[in-house]
Amino acid sequence: MGEPGTKELLSLEELEASGMARSGRKHVLSILVENKPGVLTRIAGLFARRGFNIDTLTVGPTDDEHISRVTLTVDGALHPIDQVTKQLHKLVNVLKIRDLEPDDTVARELALFKIAVDGPQRAEVLQICEIFRGNVVDVTRRAIIIEITGSTDKIEAFEGMVRPFGLIEMMRTGEIAISRGRSET
Amino acid sequence: MRAVDAVMECLKAEGVDVVFGYPGGANLPTYDAFVDAGIHHVLVRHEAGGGHAAAGYAKATGKVGVALGTSGPGATNLVTPIMDAMMDSVPVVFLTGQVRTELLGTDGFQEADILGITMPAVKHSWMIQHPLEIPRVIHEAFHVARTGRPGPVVVDIPMDLSRADIPYEPVTDVRLPGYQPTTEGNVKQIRQAAKALAAARRPVIYAGGGVISAGAAEELTEFATSDRFPVTCTLNGLGGFPAPHEQWLGMLGMHGTRAANYAMDEADLICAIGARFDDRITGKLSEFAPRAKFIHIDIDPAEISKNVPAHIPIVGDAKNVLTKLVNEYRAVGADPARLEEWWQRIHEWQERHPLRYDDSEDGEIKPQRVVEALYEVTGGDAIVSTDVGQHQMWAAQYFHFDKPRKWLTSGGLGTMGFGLPAAMGAQVGCKDETVICITGDGSVQMNMQEMATCAQEGIPIKVFILNNGYLGMVRQWQQLFWDRRYSHVDMGQYPDFVKLAEAYGGSGIRIESKDKLIDGIRQALDTPGPVLVDVRVTREENVYPMIAPGAAARDMVG
Ligand SMILES: Cc1ncc(C[n+]2csc(CCOP(=O)(O)OP(=O)(O)O)c2C)c(N)n1
């Protein structure tokens, strides 16, 4: 392959092939941080530097007011993730990191769907909502808002079901995750 | 007391004996505090000069350097030295002034989000939110800069907060729950490393700047000589092992010796210590040291297996780990005779491919000769800084460092403009030593203004410009890899460095022929105050040997 600094022409295919391979495996990183300004930027910056796209990100308080938990999901090859977690550990405000194994983790997100419903469709949508154990949180003459909690798969399945009715808007929080069993996440 | 006076107390408590800085609106309070603080402040001519000076001071003394700038442009002028210090793991505390809190985020006059700008370039940074935090944060900043893998930190202090009246109490305990460097080294891993070393038939020790940072040069020598381990160092590791030693292979990497690079290529075990397998070391990664297993000793866990997977990783401070490793190794009791064949092979390479250049037949001065002459005249007893380019590589090749902290160069970032201010900072920290800057006619102009600082402060650095009238290293690449299509590398003979040196209040000397070289150098070293020496050298000389970009070590050319 053409090397940087030499005059060889670099084809676009070569450029792409040299990019970082992605496993497609999803990683859920649970990160305890000091509750200080700028922490989130530092974390996000590390991912950006590596060319990683953060898929979802949630930040919230913990039972200790000085400490927050960041949960982020990212799609990456195992090795680069390892590099990023090591880099994350180097951040002075980062206290603890876990790369959660999907099988040993309970993960949930919350989603709100605003669906267009006219006349007869309404009953059908409500039925689907019931199957997914969603809550209707707002109803107007032409639209209905449904709240769903669950795994990403479940939310995506629900979205697939209601989209044909006319999905006006959808909002998702991104996942929070907690490890199974007695040990702390 | 005023918060800024507390800052001064903190600096004193941290043992700071000099700061390099530049005033402005947002750090007026700090400058007012300097009037009574009794801290030596060097007024530089550009903040970048101050930043590099602080790094030069830190590299030469092993202490934390301090650089100051005002908000906005003062702070942004520090960005290059901050990144430079990050890449080379240099402990420097950068203190920047910031606009008053009510103006933050409003594009206030001379506002720059310096924390945001430098986030990927610092080990850590703080924006002061409340004046009461100031003493604690300053001490935390020094602690983070100095410990673990050293590095630059930034403390940004809004102008209004620095004028606040606060009670000052010295902070003696710094507690950062998220920051606990591992320094000891896992004993089991160390034992395993000792066993692997004892079994190795073609081992190489590959040492980097971490050995210098850890103050582990003696331990490295002790370890290497506990058997007959061949040693090579990176550009930043030079001085970590005595260059004239019989086990010394020379520097490795792109412009390293053939012996060092071939040894890496054929090694069965490489023991990396405080080194990070930079691409200038490995060349083509897939063909780097193909037969080797790796022991990797580093204080930064993120370096382990970053570029090359380590078989035996050891996270810890090089000094601690090497001390233990020597003991473990002696306990294993290896047979030194097993390395006989390996040394024969290495000696063959060393005899067949010594570092060499063709000296001129006439009076023309070869740049390599200048470095050799400097080494001869000083007897190697000098602190040497460089800039970036061909002269840097020749300095690394032909000046033989036998002690740590004598060699100051910008390795990771490759910052032209580092050399002169770094020499200035080193000289301030090491008053009794001879401090030399070996530079190029391109690089020196990037922070030339610090000659005025040197003149005013009586900082007697000796700057030797290997003047080829070119941006030599770029010209070399254009010649070798871009069909000699020279594009914007000719600097001509501008400026007149001798006159310029004099205009700055220093002395200027020009050396144009080989027979004047030694005398010229002596004269420069004997002249008091800062001296700039314009040495006219061969215009088109190339640095060899060389691993071409993307090539493997065994395919070195030249
Ligand atoms: C700030 C900066 N800009 C550009 C470069 C790219 N660069 C690397 S070496 C070099 C030429 C240096 O020329 P000179 O200082 O005259 O040294 P020589 O190579 O001739 O010894 C350049 C432009 C750099 N390293 N740093």
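Here is a short report on the structure shown in this document. All values derive from a computational prediction rather than experimental measurement. Per chain, residue numbering runs from 1 following the sequence as it is written. Going through the entries in the order they are written, you letter the chains from A and number the ligands from 1. Reporting of local features is limited, given that this is a predicted model, to residues whose pLDDT is at least 70; pairs of side-chain atoms are given and counted only at 80 or more, and all residues count toward the totals for whole chains, interfaces and linings. For the side-chain quantities, the full set of heavy atoms in the structure was used; hydrogens and water were omitted.

### Details of the packing of helix α18 (residues 419-429) of chain B against helix α19 (residues 450-457) of chain B
Residue and element names in this part refer to chain B. The angle between two axes is taken between their N-to-C directions and runs from 0 to 180 degrees, where each axis is a line fitted to C-alpha atoms and a helix contributes only its stretch in contact. Starting at the N terminus, helices and strands are each numbered in turn, a helix being any DSSP run of H or I of at least four residues and a strand any DSSP run of E of at least two. Where α18 meets α19, the axes come as close as 9 Å, and the angle between the chain directions of the two elements is 20°. As judged from the angle between their axes, α18 and α19 are roughly parallel. Note that α18 runs across α19; the crossing there is left-handed. On α19, the residues touching L420, P421 and M424 of α18 are E450, M451, T453 and C454. Here the contact of α18 with α19 is built from residues that sort into five nonpolar, one polar and one charged. Relative orientations are named as follows: roughly parallel for angles under 35 degrees, roughly antiparallel for angles over 145 degrees, roughly perpendicular for angles from 65 to 115 degrees, and oblique for any other angle. Left-handed describes a crossing whose near helix is turned anticlockwise from the far helix by less than a right angle; the clockwise case is right-handed. Residues count as neighbours in contact if any of their non-hydrogen atoms are within 4.5 Å of one another. Amino acids are sorted into nonpolar (Ala, Val, Leu, Ile, Met, Phe, Trp, Tyr, Cys and Pro), charged (Asp, Glu, Lys and Arg) and polar (every other residue, Gly among them).

### Concerning the nonpolar core
Soluble, globular proteins show a tendency: their nonpolar side chains are buried together. Residues and elements named next belong to chain B. We define the nonpolar core as a collection of buried residues of types Ala, Val, Leu, Ile, Met, Phe, Trp, Tyr and Cys that are connected through side-chain atoms lying within 4.5 Å of one another. Partly exposed describes any residue whose relative accessible area lies between the buried limit of under 20% and the exposed limit of over 50%, with all areas from a 1.4 Å probe on protein chains only and scaled to the type maximum. Formed by 71 residues in total, the largest nonpolar core has its most connected members in L197, L220, F223, I273, I295, L325 and V535. Ranked by residue count, the leading element in this core is helix α14 (residues 318-332), at six residues. The split of the chain into domains comes from an automatic or database domain assignment. When we break this core down by domain, the ones giving at least three residues each are domain 2 (187-352) and domain 3 (367-536). With near-sequence residues (within four places) excluded, L197 lies in contact with F223, F229, L269, C271, I295, L325, Y329 and R338. Counting residues in each nonpolar core, the second largest holds 46 residues, with V44, L115, V122 and M448 among its members.

### Comments concerning the environment of R475 of chain B
Residue and element names in this part refer to chain B. Looking at where R475 falls in the secondary structure, it is placed in helix α20 (residues 472-481). In sequence terms R475 and D381 are 94 residues apart; their C-alpha atoms lie 32 Å from each other. If we skip the residues at most four places from it in the chain, R475 touches Q390, Y470, Y486, V489, R539, E540, E541 and N542. For R475, the side chain forms a polar contact with the side chain of N542, separated by 2.8 Å. Under the rule applied, a polar contact is a pair of N or O atoms within 3.5 Å (in protein, one hydrogen donor and one hydrogen acceptor; residues adjacent in sequence only if both atoms are side-chain atoms).

### Things to note about the side chain of R369 of chain B
Examined against the element boundaries, R369 of chain B turns out to sit in helix α16 (residues 367-378). For R369 of chain B, the contacting residues outside a window of four places in its chain are Y357, D359, E376, L517 and I518 of chain B.

### Observations concerning empty space enclosed by the protein
Residues and elements named next belong to chain B. Using protein atoms alone on a 1 Å grid, points that fit a 1.4 Å probe yet trap it form a cavity, whereas open point sets bounded by protein on both sides within 12 Å along at least five of seven lines form a pocket; residues with an atom within 4 Å of a point count as lining. Grid points are joined across faces, edges and corners, and a volume is the space filled by probe spheres set on the points. Taken as a whole, this structure holds two cavities of 30 Å³ or more when the rule is applied. By volume, the largest cavity amounts to about 110 Å³. In terms of lining, the largest cavity is formed by V4, V7, A26, N27, T30, L68, G69, L95, T96, G97, I157 and S162. Secondary-structure elements contributing two or more residues to the lining of the largest cavity are α1 (3-13), β3 (65-69) and β4 (92-98). Broken down by class, the residue content of the lining of the largest cavity amounts to six nonpolar, six polar and no charged. When its volume is computed, the second largest cavity comes out at roughly 70 Å³.

### Digging into the site of the ligand
Residues and elements named next belong to chain B. A cutoff of 4 Å decides nearness: a residue is near a molecule or strand if any of its heavy atoms lies inside that distance of it. With respect to spatial proximity, 17 residues lie near the ligand, and among them Q390, G414, G442, S443 and G472 are the closest. At 2.6 Å from an oxygen atom of the ligand is found a side-chain nitrogen or oxygen belonging to S443. Within the backbone of Y470, an N or O atom sits 3.1 Å from an oxygen atom of the ligand. When the free accessible area of the ligand is taken as 590 Å², the share hidden by the protein chains comes to 76%. Looking at the shell around the ligand, the elements with two or more residues in it are α17 (390-398) and α20. The element that contributes the greatest number of residues to the shell around the ligand is α20, accounting for three residues. By residue class, the composition of the shell around the ligand is seven nonpolar, nine polar and one charged. For the area figures, the Shrake-Rupley method with a 1.4 Å probe applies, and any residue is considered shielded solely by the protein chains shown.

### A few points about α1 of chain B
Residues and elements named next belong to chain B. Among the residues making up α1, those that are buried are A3, V4, A6, V7, M8, C10 and L11. Looking at the buried side of α1, the elements it contacts are β1 (18-21), α2 (28-37), β4, α7 (134-146), β6 (152-158) and α8 (159-162). Of the residues trailing α1, G15 is marked for its positive phi of about 80°.

### Quick look at the interface of chain A and chain B
At the junction of the two partners, chain A supplies 22 residues and chain B supplies 26 residues. Buried surface at the junction of chain A and chain B, summed over both partners, amounts to about 1800 Å²; 59% is from carbon and sulfur atoms. Summed over the three residues of chain A that lose the most area to chain B, namely K7, R42 and V92 of chain A, the buried surface amounts to 35% of that side. By definition, a salt bridge exists where a carboxyl oxygen of Asp or Glu is found within 4 Å of a side-chain nitrogen of Lys or Arg. For the pair chain A and chain B, the number of links is one salt bridge. For K90 of chain A, the salt bridge goes to D300 of chain B, with nearest N and O atoms at 2.5 Å. Buried area: the sum, over both parts, of the accessible surface (1.4 Å probe) that disappears when the two are put together.

Distances and angles like these do not, on their own, reveal function.
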